Amino acid sequence: MILEVAILNVIPGEENAFEKAFSQAKNIISKMAGYISHQLKRCIENQSRYILLVEWEKLTDHTEGFRQSKEYQEWKRLLHHFYDPFPVVEHYKDIEL
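Residues numbered from 1 in each chain as written. Predicted model: local features only at pLDDT ≥ 70, side-chain atom pairs only at ≥ 80, totals over all residues. Heavy atoms only, no water.

For the protein chain, an unreviewed UniProt entry supplies the name Heme-degrading monooxygenase HmoA and the organism Mucilaginibacter lappiensis.

The following block contains the structure:
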C-alpha cells in the first residue's frame, strides 16, 4: 500500500467552494483502479489549509493510472484553480520495524 500525501493551500475565502468541488471530485478518484481510500482534513490553525491522504495499491496506480487518465482532467478542472501555491505531492510506504 502507498500513501499519497498532499498539503493543499486553498486561496483564502474559497474554502467552501473548494469543499463543494471536492465532494464531486471524490467520486472521480474513488472509482480509479488501485484506489483504496482517502481522507480530506482541514487544518485547525490555518482554515485555508487541508491535507489529502489517499491510499493506493501501488505507486503507479496514482502516478500513471490516475494522473494519465481522462478522469484526471476532470479532477484538475474541479480542483486545481483553488490552490496557491500548487501542492507538493509525496508518496509514502510502510516500513518494517
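Visitor: Before we go on, may I ask you to explain the pattern of salt bridges in this structure?
Guide: Side chains that differ in charge, positive against negative, can pair when their charged atoms come close. A full pass over the atoms with the stated rule returns four salt bridges. We note a salt bridge from Arg42 to Glu19, for which the minimum N-O separation is 3.1 Å. A residue pair is termed long-range when its members are at least 10 positions apart, and Arg42 in strand 2 (residues 35–42) and Glu19 in helix 1 (residues 15–29) qualify at 23 residues. For Arg42, a relative accessible area of 34% puts it in the partly exposed group. With a closest N to O distance of 2.6 Å, Arg77 and Glu74 form a salt bridge. Of this pair, Arg77 and Glu74 both sit in helix 3 (residues 70–79), separated by three residues, roughly a single helical turn. The class of Arg77 is exposed, set by a relative accessible area of 53%. (Salt bridge = Lys/Arg side-chain N within 4 Å of Asp/Glu carboxyl O. Helix = DSSP H or I, 4+ residues; strand = E, 2+ residues; numbered from the N terminus. Buried < 20%, exposed > 50% of the residue type's maximum accessible area, 1.4 Å probe, protein only.)

Visitor: When you look at helix 1 in this model, what are you seeing that I'm missing?
Guide: For the α-helix, the turn length of 3.6 residues means that residues three or four positions removed from each other point alike. Helix length check: helix 1 (15 residues) gives 20 Å between terminal C-alpha atoms against 21 Å at 1.5 Å per residue, within 8%. Along helix 1, the largest kink reaches about 30° and is centred on Ser23. Buried residues of helix 1: Glu15, Phe18, Ala21, Phe22, Ala25, Ile28 and Ile29, and no others. (Expected span 1.5 Å × (residues − 1). Bend = angle between axes of the 7 residues up to and from the residue.)

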